[in-house]
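# Chain and residue survey
Here is how the chains run, residue by residue.
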Amino acid sequence: HTHKTHILLVFLIYLLEPCELVNETVSVEKEGCPKCLVFQTTICSGHCLTKEPVYKSPFSTIYQHVCTYRDVRYETIRLPDCPPGVDPHVTYPVALSCDCSLCTMDTSDCTIESLKPDYCMTQREIVFDY
């Protein structure tokens, strides 16, 4: 029985997308600026193997690994039509490589259910050649 479970687990691992760089449509917006820019960038996406203990203790800590940035570069984009006095520049991370590790809140969305990466609260403006 254990042998069949192991074979099934190995089969499922190959069906899941690995943690890797992918092109994704994302959005940036800023309070005070009327438009949200939507464009393509590189992010990390995919599955990481995790373990969860069968016997849980209130004294034990469980660390789950997620697909996140290993190396990152920051780029700055200018939002259109921002009023005077509002800095129109927004800096965002661009993934250069990915890794399965603990979630870092400053570069990753660590929530269970989050908004889509291209969600906008203001008027959308799509940038094709950025």
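This report concerns the structure included in the present document. The structure displayed is predicted, hence computed values, not measured ones.

## Details of the overall build of the protein chain
When you go through the protein chain residue by residue, the secondary structure sums to one helix and five strands. Order of helices (α) and strands (β) in the protein chain, N terminus to C terminus: α-β-β-β-β-β. Buried positions account for 24% of the 130 residues belonging to the protein chain. Across the protein chain, contacts joining residues at least 24 apart in sequence account for 65% of those joining residues at least 6 apart. When the accessible surface of the protein chain is totalled, it reaches about 9,900 Å², and 57% of it is carbon and sulfur.

## Some words on the state of the cysteines
All chains considered together, the criterion is met by four disulfides. Paired by a disulfide, Cys-19 and Cys-67 hold their sulfur atoms 2.2 Å apart. The S-S bond linking Cys-19 to Cys-67 shows a torsion near 80°; that makes this disulfide right-handed. With Cys-19 in the loop between helix 1 (2–15) and strand 1 (20–28) and Cys-67 in strand 3 (residues 66–78), this residue pair connects regions lying 48 residues apart in the sequence. No difference in accessibility class separates Cys-19 from Cys-67, as the two residues are buried. Each disulfide pairs two cysteine sulfurs, and for Cys-48 the partner residue is Cys-100, the sulfurs being separated by 2.1 Å. Sign of the S-S torsion, about -85° for the bond between Cys-48 and Cys-100, identifies this disulfide as left-handed.

## Considerations on the nonpolar core
Judged by nonpolar contacts, the single largest core of 19 residues is most densely connected at Val-28, Phe-39, Ile-77 and Leu-79. Where this core is concerned, the elements lending two or more residues are strand 1, strand 2 (35–45), strand 3 and strand 4 (89–101). Considering each element in turn, this core owes the most residues, five residues, to strand 4. Excluding residues within four positions of it along the chain, Val-28 makes contact with Cys-36, Leu-37, Phe-39, Ile-77, Leu-79, Val-90 and Tyr-92.

## A look at the pairing of strand 2
Consecutive side chains along a regular strand alternate between the two faces of the sheet. The buried fraction of strand 2 amounts to nine of the 11 residues, a majority that puts the element mostly inside the structure. The pairing of strand 1 with strand 2 spans nine bridges and is classified as antiparallel. Residue Val-28 lies in a different strand from strand 2, and its bridge partner there is Leu-37. Connecting strand 1 to the next strand, strand 2, in antiparallel fashion are six residues, including Gly-32 with a positive phi near 100°.

## Focus: the packing of aromatic side chains
The final tally for this structure, using the stated rule, is one aromatic pair. Summarising the aromatic geometry, the rings of Phe-39 and Tyr-92 are spaced 5.0 Å apart at their centres and angled 55° between planes, so their arrangement reads as tilted. Remark: Tyr-92 occurs in strand 4 and Phe-39 occurs in strand 2; sequence separation between them is 53 residues. One exposure class covers both Phe-39 and Tyr-92, and it is buried.

About the criteria used
Residues numbered from 1 in each chain as written. Predicted model: local features only at pLDDT ≥ 70, side-chain atom pairs only at ≥ 80, totals over all residues. Heavy atoms only, no water. Helix = DSSP H or I, 4+ residues; strand = E, 2+ residues; numbered from the N terminus. Buried < 20%, exposed > 50% of the residue type's maximum accessible area, 1.4 Å probe, protein only. Contact = heavy atoms within 4.5 Å. Areas by Shrake-Rupley, 256 points an atom, 1.4 Å probe, with all protein chains shown as cover. Disulfide = S-S within 2.5 Å. Core = buried A, V, L, I, M, F, W, Y, C linked by side-chain atoms within 4.5 Å. Pairing = 2+ DSSP bridges. Phe/Tyr/Trp six-rings, centres within 6.5 Å; stacked < 30°, edge-to-face > 60°.

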